[in-house]
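# Fold and contact review
Here are the chains, one letter per residue:
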Amino acid sequence: MRRLAPLLALLVVLAAIGVFRHAIASAIVAYGASVATGTSVSFATLRVAGDGITLTGVRVRSRAGEQIANVSQLDVQYDLRGLLPGSARKFGLQRIALDAPALTIVRHPDGTLNVPLPKSSGGVSGGPPFVLVATVRDGKVEFVDERRGTAPQRIVVANANARLDLNTSARTAYALSASYLDRGAAYPMNAAGVVDVAHPFTLQRFTARRVPIAAIANVALAGMRIHVTRGELDDLDVRVFAFTPRSTSLHPHVTGRVTLRDGAVKVSALAKPVTDLH
């Protein structure tokens, strides 16, 4: 979020002064977005109003030309009074909505990523907190791991719908539903949680009725001489919680239940596969 701050400020200023012609404004926004994210950003249309901005056909590429993200539509709603001293919201931001975003993350054989990693800011930024609602409709994330052999390992999560009620100085809550895609089938999963930095405490829950684990495990085990050929997790229900009333430092604890079914792995040091793991 901090890396997007210069871009968000630029968008709000453009709406406030309203003196740029459309073509010039579009070029400035695209350039600002590219500089702020360390990528190459383009879009099909830009609409600027007094209280919001809408971008359609957003495309994000790495500086090397690799695909990072496509977004059908991005809506940003703000209050221009948020630019004045004493505002309760950073940059006056109120709502961010992404329609059909598709994110692609690639880990190359040398371990590098197609996505530029943010640099540490070295501390907490001052000023008012971020207080906004962010939503995602019909999102998709694809992770491609090129480190294992000639056939890349892919992990795809689609049909993602999420809502984030963000308040970086108090209580933040989120809810997510999505489907993990594997061999032509979709496996629903859900997540929800609350993080309260004012008290502080956190409570999060992740559930799924059935999740194939071969692709996920092989990405996690990349570089090791172990290959998971099959296996499923049934009735996954994991909870993460922490409550520390005398400190601002949270120490999460994890509890839950899950059943491993029909697992099988190949280990280079063994003559035969290990099967029937439960």
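Scroll up to find the structure.
Our subject in this report is the structure included herewith. Everything numeric here is computed off the predicted structure, so don't read it as measured data.

### Describing the pattern of salt bridges
Enumeration over the complete set of coordinates arrives at 10 salt bridges. Where Arg210 meets Glu232, a salt bridge forms, and the shortest distance between an N and an O atom there is 2.8 Å. Residue Arg210 is located in strand β10 (residues 201-212), and its partner Glu232 is located in strand β11 (residues 226-243); the two are separated by 22 residues in the primary sequence. In this structure, the salt-bridge partner of Glu232 is Arg261, at a minimum N-O distance of 2.3 Å. Of the two residues, Glu232 is situated in strand β11 and Arg261 in strand β12 (residues 253-267); the sequence distance between them amounts to 29 residues. Bridged by salt links that share partners, the residues Arg210, Glu232, Asp234 and Arg261 form one connected network.

### Structural notes on the packing of aromatic side chains
What characterises a pair of aromatic rings is the spacing of the ring centres plus the angle enclosed by the ring planes. One pass over the structure, following the stated rule, counts one aromatic pair. When the ring of Phe91 is compared with that of Phe130, the centres are 6.3 Å apart and the planes differ by 50 degrees; the resulting orientation is tilted. Highlighted residues: Phe91 in the loop between β4 (67-78) and β5 (93-107) and Phe130 in the loop between β5 and β6 (131-145), separated in sequence by 39 residues.

### A short note on the pairing of strand β9 (residues 185-196)
When a strand is regular, its side chains alternate between the sheet's two faces. As paired elements, strand β8 (residues 171-182) and β9 share 12 bridges and run antiparallel to each other. The residue bridging Ala178 from the neighbouring strand is Met189, located in β9. Connecting β8 to the next strand, β9, in antiparallel fashion are two residues, including Arg183 with a positive phi near 50 degrees. Note that β9 and β10 share eight bridges and pair antiparallel. Looking at β10, one finds that Asn190 is bridged to Thr207.

### Describing the environment of Phe243
Here Phe243 shows up in strand β11. In sequence terms Phe243 and His253 are 10 residues apart; their C-alpha atoms lie 9.4 Å from each other.

Calculation notes
- Residues numbered from 1 in each chain as written.
- Predicted model: local features only at pLDDT ≥ 70, side-chain atom pairs only at ≥ 80, totals over all residues.
- Heavy atoms only, no water.
- Salt bridge = Lys/Arg side-chain N within 4 Å of Asp/Glu carboxyl O.
- Helix = DSSP H or I, 4+ residues; strand = E, 2+ residues; numbered from the N terminus.
- Phe/Tyr/Trp six-rings, centres within 6.5 Å; stacked < 30°, edge-to-face > 60°.
- Pairing = 2+ DSSP bridges.

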